[in-house]
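Descriptive analysis of the structure
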Amino acid sequence: MVHLDLASLIRTIGLLGVAAIVFTESGLLIGLFLPGDSLLFTAGLLAAQGYLDIRWLVLACFAAAVAGDQAGYAFGLRVGRALFQRQDSRFFKKRYLVQAERFFLRHGGKAVTLARFVPIVRTCTPIVAGIGRMPYQRFLAFNLLGAALWAIGITLAGYWLGNVIPGIDRYLLPIVVAIVLVSLSPSALHLWRERQATLPHPSRAGAPLPAKERDRT
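Residues numbered from 1 in each chain as written. Predicted model: local features only at pLDDT ≥ 70, side-chain atom pairs only at ≥ 80, totals over all residues. Heavy atoms only, no water.

**Concerning the confidence of the model for the chain**
Within the chain, residue pLDDT values average 77, and 63% of them lie at 70 or more. Here helix H8 (residues 202-205) is the element of the chain with the lowest mean pLDDT, 50, and helix H3 (residues 54-78) is the one with the highest, 95. (pLDDT = per-residue confidence, 0-100. Helix = DSSP H or I, 4+ residues; strand = E, 2+ residues; numbered from the N terminus.)

Next comes the structure, spelled out in structure tokens:
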């Protein structure tokens, strides 16, 4: 997921390359494991050193993030829903479509915005929003908000730190690792909670059987 020499990668691919990665990770399934947060932060850091123009960098990353989510939404709306038109199978249940529609009607804005900060989830969310037929105007509004907070916010954070702390680029690797760990923590916490929910509760493990069940035994 993470290229440990992001600085060299960004110097090689330049502004358009960074924008292409942001676009791909924002809404195309092939971008599931591309670096997002760390890429934006490192690009901002390099802008502080004069390798990139921060004005064009912020504009390009914002536009790419918005366009990527738009592409994911369009794919989910036009192609993804077709998967649910066939009969129920082991992997495709029509009730999933109904659940997705209800979820994005109630919580779609929050999901589209917050998903920006969670790797893998930010790639899948616009696609699922399209499948769930989230109202387009609502999706667009929160797409713009999420893109601004994520693409502009993280890039400017790297740019600001690059200007405030001299020689911060020497600590780029641990910073990138920290960003990745922080980005993955919500998903890890969610999986841990799901696992805990499936485990038998200790207080119930040794609880006596109800009287009716004792009589049956």
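**Overview of the packing of aromatic side chains**
Within this structure, the stated rule accounts for two aromatic pairs. Measuring from ring centre to ring centre gives 5.8 Å for Tyr-73 and Tyr-136, while their planes differ by 55°; the resulting arrangement is tilted. Taken together, the positions of Tyr-73 in helix H3 and Tyr-136 in helix H6 (residues 136-164) put the pair 63 residues apart, joining distant regions of the chain. Residue Tyr-136 is classed as partly exposed on the basis of its relative accessible area, which comes to 38%. Ring centres of Tyr-73 and Phe-139 lie 4.4 Å apart, and the angle between their planes is 25°; this geometry places the pair in the stacked category. Remark: Phe-139 occurs in helix H6 and Tyr-73 occurs in helix H3; sequence separation between them is 66 residues. By relative accessible area, Tyr-73 is classed as buried at 6%. Put simply, the rings of Tyr-73, Tyr-136 and Phe-139 touch in pairs and so form one group of aromatic residues. The ring centre of Tyr-51 lies 4.5 Å from the NZ or CZ of Arg-11, which sits over that ring. (Phe/Tyr/Trp six-rings, centres within 6.5 Å; stacked < 30°, edge-to-face > 60°. Buried < 20%, exposed > 50% of the residue type's maximum accessible area, 1.4 Å probe, protein only. Lys NZ or Arg CZ within 6 Å of the ring centre and 35° of its normal.)

**Comments concerning the packing of H3 against H6**
It is at 9 Å that the axes of H3 and H6 come closest, and there the two elements cross at 145°. Note that H3 runs across H6; the crossing there is right-handed. Taken together, the residues that form the contact of H3 with H6 break down as 19 nonpolar, three polar and one charged. (Axes fitted to C-alpha atoms, helices over the stretch in contact; angles between N-to-C directions. Left-handed = near helix turned anticlockwise from the far one by under 90°. Nonpolar A, V, L, I, M, F, W, Y, C, P; charged D, E, K, R; others polar.)

**With respect to the packing of helix H1 (residues 6-27) against helix H5 (residues 121-131)**
Where H1 contacts H5, the two axes come as close as 5 Å, and the packing angle between them is 60°. Here H1 lies oblique to H5, going by the angle between them. Side by side, H1 and H5 meet where Glu-25, Ser-26 and Gly-27 of the first sit next to Arg-122, Thr-123, Pro-126 and Ile-127 of the second. Within the contact of H1 with H5, the residues separate by chemical class into two nonpolar, three polar and two charged. (Parallel < 35°, antiparallel > 145°, perpendicular 65-115°, else oblique. Contact = heavy atoms within 4.5 Å.)

**A short note on the pattern of salt bridges**
All chains considered together, the criterion is met by four salt bridges. The partner of Asp-37 in a salt bridge is Arg-122, and the shortest N-O contact between them spans 3.3 Å. With Asp-37 in helix H2 (residues 37-48) and Arg-122 in helix H5, this pair connects stretches of sequence that are 85 residues apart. Judged by its relative accessible area of 6%, Asp-37 falls in the buried class. Judged by relative accessible area, Arg-122 falls into the buried class, the value being 2%. Close ionic contact of Asp-69 with Arg-116 constitutes a salt bridge, the shortest N to O distance being 3.3 Å. Taken together, the positions of Asp-69 in helix H3 and Arg-116 in the loop between helix H4 (94-114) and H5 put the pair 47 residues apart, joining distant regions of the chain. Salt bridges sharing common partners tie together Glu-25, Asp-37 and Arg-122. (Salt bridge = Lys/Arg side-chain N within 4 Å of Asp/Glu carboxyl O.)

**Some thoughts on the environment of Glu-25**
Note on placement: Glu-25 falls in helix H1. For the pair Glu-25 and Gly-72, spaced 47 residues apart in sequence, the C-alpha to C-alpha distance is 9.9 Å. Setting aside residues no more than four positions away along its own chain, Glu-25 makes contact with Gly-31, Leu-34, Pro-35, Gly-36, Arg-122, Thr-123 and Trp-150.

**Focus: the side chain of Ser-26**
Of note, Ser-26 is situated in helix H1. With relative accessibility at 0%, the residue Ser-26 sits in the buried group. Reaching out from Ser-26, the side chain makes a polar contact with the side chain of Arg-116 at a distance of 3.3 Å. For Ser-26, the residues in contact, after removing those within four places along its chain, are Ala-65, Gly-68, Asp-69, Arg-116, Arg-122, Thr-123, Pro-126 and Trp-150. (Polar contact = N/O pair within 3.5 Å; in protein donor to acceptor, adjacent residues only side chain to side chain.)

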